[in-house]
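Each chain is listed here by its residues.
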Amino acid sequence: MKRKIAVAAALAASMLGVTACGGTSSDEGATSATGQVDGKGKTVKVWLMVDAETAWKGVVEDATKRFTAATGAQVNVEYQQWANHLTKLDATLAGSDVPDVVELGNTEFSKYVFSGGFAELNKGDFENSGTWLPGLSGACESDGKVYCVPYYGGARVMIYRTDLFQKAGIAEAPKTYADFTAAAEKLKAGNANDPKFSAVYMPGQYWYAAMSWVKSSGGEIAKKEGDKWVGQLSSPQSQEGLQKWVDLTKNFSKADVTKNENEQAGIFAQGSGGIFYGNAWEQGSAEETRKDPNDPNSPLVPTKVKGKLAAAPMPEIPSFLGGSNLGVTAKSQNKELAAQWIKAFTDAKSMEGLAKAGALPNATNLLDKAAADNPKIAPAALAAKNSWFPPNAEKWADVEKASILQTMLTDILTGKKTVADGAKWADEQIATTLNEA
């Protein structure tokens with residue numbers, strides 16, 4: 001998903017001490033007395049997504065230059081396309097000629113962790129690992145072991161109409177949830193003459209949002225008890241958060257309760273909304289020029305919200321992060337070197353470069369500086385301080401594929417089920433799916 005600087009001697013020293021990840025192959029470079037792997041004559045093959053090439057290639061080159069200065073190893077970076085990267089990876093991992101380092105989206109990693117595609121890493125070897133963003137690191141950890149390193153993220157934020165806020169007498173972005181709902185009430189009252197107006201546009205099957213509200217009340221989707229997964233949506237905390245989201249949606253949204261969030265930026269662009277909850281990049285998507293949705297032959301014109309949007313963290317609501325992680329393949333013949341390249345590419349220096357390019361760094365302690373260095377990402381950086389990840393279960397992808405959470409939400413919003421009944425049904429479905437042999 002989304003500067004060549006001279007190498008100082010201290011940077012080479014900072015690379016020392018990376019330990020083996022899941023063992024060292026027989027043809028790995030020798031280890032010196034200082035603990036540094038001698039990579040002379042070796043080449044580390046790295047697969048990064050095309051975002052790195054287009055947005056922060058200089059960061060890649062700088063980290064690689066520092067890595068080579070420290071180890072003597074060369075790096076071959078191959079940029080991949082999102083459209084076919086998993087198909088290509090599956091075919092490659094089935095053979096013996098594999099990349100040493102692979103980037104995957106954070107929600108894609110779990111499958112490969114459980115299938116044994118990636119080697120175990122020593123978490124303590126990586127800078128800022130004690131403050132990694134939970135929304136990224138959650139995919140990397142299983143049974144107390146770590147299999148990948150957070151790379152960069154993108155957070156969901158509150159995107160709102162500045163002109164409507166001003167008209168309603170709302171002086172600034174809400175800082176508390178009570179302020180948020182009070183602002184929504186003012187927007188609703190001030191636009192009562194528009195039957196399509198959503199003070200808060202919230203599609204009914206937007207489960208990332210609904211579960212963020214669940215998390216805000218201390219709830220969980222599911223947890224592992226012994227060797228079994230147990231649904232947790234029926235807990236008092238989860239139901240409290242779910243009810244809060246349902247009340248918000250019923251009171252302020254005219255969005256389709258049977259649709260997800262994929263088209264929300266385009267619909268919001270039509271002008272009948274005050275606030276929506278989306279990825280930070282969706283602000284630009286809503287403002288970009290587009291054709292009349294009712295006339296495919298129309299010319300490109302500015303949307304009704306062009307120049308009228310701003311973003312802020314959603315108060316008191318943890319964010320589900322999008323983003324990427326990096327792992328060392330289990331079949332890599334250069335595991336220690338691969339881990340050291342990841343260390344260079346995810347250290348504070350590289351994270352500073354990513355932030356300047358518009359991506360969020362991988363650790364909470366780096367977010368304030370990122371926001372100061374690049375005000376454009378400040379709302380997302382603040383939102384990312386409190387993030388979450390779905391249950392890191394081998395079968396979680398099957399839960400998503402079966403639309404269990406989406407069905408529960410629609411059933412509740414249409415009155416087919418109460419919150420309690422919907423949560424109970426979802427818990428049963430989730431447990432059955434996650435524990436399926």
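Remember, it's a predicted structure, so these values are computed and weren't measured experimentally.

Visitor: For this particular structure, what's the right way to read the nonpolar core?
Guide: A general feature of soluble globular proteins is that nonpolar side chains tend to end up buried together. Membership of the largest hydrophobic core comes to 103 residues, with the highest contact counts inside it found for W56, M211, W213, W341 and F345. When residues no more than four places from it in sequence are discounted, the contact partners of W213 are Y177, M202, G241, K244, W245, L248, Y277, M314 and I317. With 26 residues, the next largest nonpolar core counts L133, A265, F276 and A378 among its residues.

Visitor: What is the right way to read empty space enclosed by the protein from this model?
Guide: To find leftover empty space, a probe the size of one water molecule is rolled over the atoms. Of the pockets and cavities examined, the largest cavity occupies roughly 30 Å³. As for the largest cavity, its lining consists of W47, M49, Q80, H85, L89, V102, E103 and L104. Where the lining of the largest cavity is concerned, the elements lending two or more residues are β1 (43-49), α4 (85-93) and β3 (101-105). The element best represented in the lining of the largest cavity is β3, accounting for 3 residues. Its residues assigned to classes, the lining of the largest cavity shows 5 nonpolar, 2 polar and 1 charged.

Visitor: I tried to follow the pattern of salt bridges on my own but got confused; where do I start?
Guide: Side chains that differ in sign of charge can pair as their charged atoms come close. Evaluated as defined, the whole model comprises 15 salt bridges. In this structure, K123 engages E141 in a salt bridge whose closest nitrogen and oxygen atoms are separated by 3.5 Å. In this pair, K123 sits in the loop between α5 (109-114) and α6 (134-137) while E141 sits in strand β4 (residues 141-142), placing the two residues 18 residues apart along the sequence. For K123, a relative accessible area of 31% gives the class partly exposed.

Visitor: Help me understand the sheet that holds strand β11 (residues 273-279), please; the structure alone is not making it clear to me.
Guide: Neighbouring strands of a sheet are bound in pairs by backbone hydrogen bonds; such pairs are parallel or else antiparallel. Across the sheet, which stays open at both edges, the 4 strands sit in the order β8-β11-β7-β12 with mixed pairing between neighbours. Two strands lie at the open edges of the sheet, namely β8 (198-201) and β12 (309-312), each paired on one side alone. Here the strands of the sheet are splayed against their neighbours by 20 degrees on average, with no regard to which way each runs. Summarising the sheet, β8 and β11 pair through 3 bridges and their orientation is parallel. Paired with V200 across the strands is I275, a residue of β11. Where helix α8 (residues 177-190) meets the sheet, it contacts β7 (156-161), β8 and β11, and its direction lies at approximately 135 degrees from that of β8.

Visitor: Sorry if this is basic, but what is going on with the sheet that holds strand β6 (residues 149-154) here?
Guide: If you trace the 5 strands from one edge of the open sheet to the other, you get β2-β1-β3-β14-β6, paired in mixed fashion. Across the chains shown, the open sheet's two edge strands, defined by having one partner strand only, are β2 (74-80) and β6. With direction set aside, neighbouring strand axes in the sheet form an average angle of 20 degrees. In terms of strand pairing, β1 meets β2 through 7 bridges, oriented parallel. Note that in β2 the partner of V44 across the bridge is V75. Sheet strands touched by helix α13 (residues 335-345): β1, β2, β3, β6 and β14 (322-328). Its angle to β14, the strand with the most contacts, is close to 150 degrees.

Here is what the cut-offs are and how they apply
- Residues numbered from 1 in each chain as written.
- Predicted model: local features only at pLDDT ≥ 70, side-chain atom pairs only at ≥ 80, totals over all residues.
- Heavy atoms only, no water.
- Core = buried A, V, L, I, M, F, W, Y, C linked by side-chain atoms within 4.5 Å.
- Buried < 20%, exposed > 50% of the residue type's maximum accessible area, 1.4 Å probe, protein only.
- Contact = heavy atoms within 4.5 Å.
- 1 Å grid on protein atoms, 1.4 Å probe; cavity = no way out; pocket = protein on both sides within 12 Å on 5 of 7 lines; lining within 4 Å.
- Points joined across faces, edges and corners; volume = space filled by probe spheres on them.
- Helix = DSSP H or I, 4+ residues; strand = E, 2+ residues; numbered from the N terminus.
- Nonpolar A, V, L, I, M, F, W, Y, C, P; charged D, E, K, R; others polar.
- Salt bridge = Lys/Arg side-chain N within 4 Å of Asp/Glu carboxyl O.
- Pairing = 2+ DSSP bridges.
- Axes fitted to C-alpha atoms, helices over the stretch in contact; angles between N-to-C directions.

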